[in-house]
Amino acid sequence: MIRHTTLTLATRGKGLYPFTREAEAWIAKQGIANGIASLFVQHTSCSLVIQENADPDVTLDLRDFFERLVPEDDETYRHTAEGPDDMTSHIRSALTQTSLTVPLISGRMALGTWQGLYLFEHRSHPHQRRVVLQLIGE
Amino acid sequence: MIRHTTLTLATRGKGLYPFTREAEAWIAKQGIANGIASLFVQHTSCSLVIQENADPDVTLDLRDFFERLVPEDDETYRHTAEGPDDMTSHIRSALTQTSLTVPLISGRMALGTWQGLYLFEHRSHPHQRRVVLQLIGE
Amino acid sequence: MIRHTTLTLATRGKGLYPFTREAEAWIAKQGIANGIASLFVQHTSCSLVIQENADPDVTLDLRDFFERLVPEDDETYRHTAEGPDDMTSHIRSALTQTSLTVPLISGRMALGTWQGLYLFEHRSHPHQRRVVLQLIGE
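All of these numbers come straight from a predicted model, not from anything done at the bench. (Residues numbered from 1 in each chain as written. Chains lettered and ligands numbered in written order. Predicted model: local features only at pLDDT ≥ 70, side-chain atom pairs only at ≥ 80, totals over all residues. Heavy atoms only, no water.)

All names here are of chain C. If you add up the space inside the largest pocket, you get close to 360 Å³. Forming the boundary of the largest pocket are 21 residues, of which Pro18, Thr20, Asn53, Gly116 and Tyr118 lie nearest the centre. Broken down by secondary-structure element, the contributors of at least two residues to the lining of the largest pocket are β2 (15-18), α1 (20-28), β6 (108-109) and β7 (115-121). Sorting elements by how many residues they give to the lining of the largest pocket places α1 first, with 4 residues. Across the lining of the largest pocket, the residue classes break down as 8 nonpolar, 7 polar and 6 charged. (1 Å grid on protein atoms, 1.4 Å probe; cavity = no way out; pocket = protein on both sides within 12 Å on 5 of 7 lines; lining within 4 Å. Points joined across faces, edges and corners; volume = space filled by probe spheres on them. Helix = DSSP H or I, 4+ residues; strand = E, 2+ residues; numbered from the N terminus. Nonpolar A, V, L, I, M, F, W, Y, C, P; charged D, E, K, R; others polar.)

Attention now moves to the environment of Gly116(C). Residue and element names in this part refer to chain C. Tracing the chain through its elements places glycine 116 in strand β7. Distance in space between the C-alpha atoms of glycine 116 and threonine 96 is 15 Å, their sequence separation being 20 residues. Setting aside residues up to four positions removed in sequence, glycine 116 forms contacts with Thr20, Val49, Ile50, Gln51 and Asn53. (Contact = heavy atoms within 4.5 Å.)

The next subject is the interface of chain C and chain B. Taken together, the contact pairs 36 residues of chain C with 31 residues of chain B. Around 2700 Å² of area is buried between chain C and chain B when both sides are counted, 58% of it from carbon and sulfur atoms. Together, Asp61(C), Phe65(C) and Thr101(C) form the three largest contributors to the area buried by chain C at its contact with chain B, with a combined 20%. The tally of links between chain C and chain B comes to 2 salt bridges. (Buried area = accessible area lost by both parts, 1.4 Å probe. Salt bridge = Lys/Arg side-chain N within 4 Å of Asp/Glu carboxyl O.)

It is worth spelling out the relation of the copies chain B and chain A at this point. Note on the copies: chain B fits chain A at an RMSD of 0.0 Å, the axial shift is 0.0 Å, and the rotation between them is 120 degrees. Read as a symmetry element, the transformation amounts to a three-fold axis. Distance from the rotation axis, computed per C-alpha, reaches its smallest value in chain B at Leu95(B): 3.3 Å. (Least-squares fit on C-alpha atoms with pLDDT ≥ 70 in both.)

This brings us to the sheet that holds strand β1 (residues 2-12) of chain B. Residue and element names in this part refer to chain B. The 5 strands lie next to each other as β1-β8-β3-β5-β6, forming an open sheet whose pairing is antiparallel. Each edge of the open sheet carries a strand with a single partner, namely β1 and β6 (108-109). The sheet contact formed by strand β5 (residues 99-105) and β6 spans 2 bridges and is antiparallel. Following the sheet pairing, isoleucine 105 is matched in β6 by arginine 108. Those strands touched by helix α1 (residues 20-28) are β1, β3 (35-41), β5, β6 and β8 (126-137), and its axis lies near 155 degrees from that of β1. (Pairing = 2+ DSSP bridges. Axes fitted to C-alpha atoms, helices over the stretch in contact; angles between N-to-C directions.)

Burial within helix α3 (residues 87-95) of chain A is extensive, with 9 of its 9 residues counted as buried. Those residues of α3(A) that sit buried are Met87(A), Thr88(A), Ser89(A), His90(A), Ile91(A), Arg92(A), Ser93(A), Ala94(A) and Leu95(A). The elements touched by buried residues of α3(A) are β4 (46-52) and α2 (57-69) of chain A, β4 (46-52), α2 (56-69) and α3 (87-95) of chain B together with α3 (87-95) of chain C. (Buried < 20%, exposed > 50% of the residue type's maximum accessible area, 1.4 Å probe, protein only.)

A common way to report how large an interface is uses the accessible area buried once the components associate. Contact with chain B, which involves 36 residues of that partner, is made by 31 residues of chain A. Roughly 2700 Å² of surface becomes buried between chain B and chain A when both sides are summed, with 59% attributable to carbon and sulfur atoms. Applying the counting criterion to the chain B and chain A interface returns 2 salt bridges. In this structure, the salt-bridge partner of Asp61(B) is Arg78(A), at a minimum N-O distance of 3.0 Å. Joining chain B to chain A, the criterion identifies 13 residue pairs in polar contact (both at pLDDT 80 or more). Ranked by the residues each element gives to the side of chain B that touches chain A, the list is headed by α2(B), at 11 residues. Its residues placed into classes, the side of chain B that touches chain A shows 19 nonpolar, 9 polar and 8 charged. (Polar contact = N/O pair within 3.5 Å; in protein donor to acceptor, adjacent residues only side chain to side chain.)

Ranked by size, the top nonpolar core spans 45 residues in total, and within it Leu95(A), Leu95(B) and Leu95(C) carry the most contacts. If near-sequence neighbours (up to four positions away) are discounted, Leu95(C) is found in contact with Phe65(A), Phe66(A), Leu69(A), Leu95(A), Ala94(B), Leu95(B), Phe66(C), Leu69(C) and Val70(C). (Core = buried A, V, L, I, M, F, W, Y, C linked by side-chain atoms within 4.5 Å.)

Glancing now at empty space enclosed by the protein. Going through the model one piece at a time under the given rule, you end up with 4 cavities of 30 Å³ or more. Each pocket or cavity is described by its volume, and for the largest cavity that value is around 80 Å³. Forming the walls of the largest cavity are 13 residues, and the residues nearest its centre are Ser99(A), Ser99(B), Leu100(B), Thr101(B) and Ser99(C). The set of elements that each furnish at least two residues to the lining of the largest cavity consists of β5 (99-105) of chain A, β5 of chain B together with β5 (99-105) of chain C. Partitioning the lining of the largest cavity into residue classes produces 3 nonpolar, 10 polar and no charged.

Residues and elements named next belong to chain C. All of the buried residues in α1 are Thr20, Ala23, Trp26 and Ile27. Within α1, the buried residues cover an arc of 140 degrees as seen down the axis, which keeps them to one side. In α1, the exposed positions that point more than 90 degrees away from the buried face belong to Arg21 and Ala28. (Arc of directions from axis to C-beta.)

It is worth stressing that arrangement in space is one thing and function is another; only the former is reported here.
This is the structure:
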């Protein structure tokens, strides 16, 4: 059996936005016990990460690390048409994930105790982001 | 249904090489409507990324960023047998992707409007690179 | 057909731990010829990478590069409750992989000649790490 949906997530500037609950709620209704959950973000200026879901400081430290690693004030970028956070977003996206796969076991994603799904927004302005969530299983 | 092929891509030094069209052309002939397209590069000195397909400057800026992030002139590497671009290639590969999954919906990869598939070559000399493309679906 | 298992890997401090043989041994007994092998690590302070399996220096150089890229002596982290190697582990995990997919062809993972599967431990102390290995195929 194969099922898919598209989650639309609203972002309000740089940072990590959790969406484990939205994904779990949809998966619970599909009636697939075992298989793979595939996640795919349809953008190149935001990305996906699986990170700790307990202490919100982790997501702030992650955001700040990437701000230092890929600085916006770098004057060497060619691609600047959409502003200083444009090329840095593409780079931060390449350094993290566009696609993830999570095992589906007994009807649930087999995430570890402390793992959560996050959209990592790299642009400064608000965006609507699309994540395709697909299940293949039986 | 499961189908696979191996795409062979010729590279001519460091940089991003698009292969969306080659992948799409093969997928269109497989007769699978919905499922997952799995991409896997069989090397550890090049990698895969999904990036913007509109402005070629993005791929040049990406290449240059990784050149600065993982400098070849670093004298601290142990693994230098194949030259200064050897260990840096393994590191750049670890920082990007060896495998990607893209949802297959209505017979096509569900890429976003601005997304393209790229092989990211990290070695200086020309190479023939192998990408295994596999579909699982119905 | 869908099959899954959980590999438990013992780590003894930072570095890359190979587990290709454990994965291959289990896969060989599942009787699935073609499909996808999905690998998923259920932690956010270690990760997965596919790297060269020939020269052990590659894994040491990789470990040392990440030590420099994400330094522990950085005093700017908020999340420090579990020690100086805590937040750095989450960042190093985000920069590498939580999930991988490898094509399964003729009953074997279609790894390149020089590719091996590694768990990348980012914590200093010994841990037991769980990797979910799942096959979907026919």
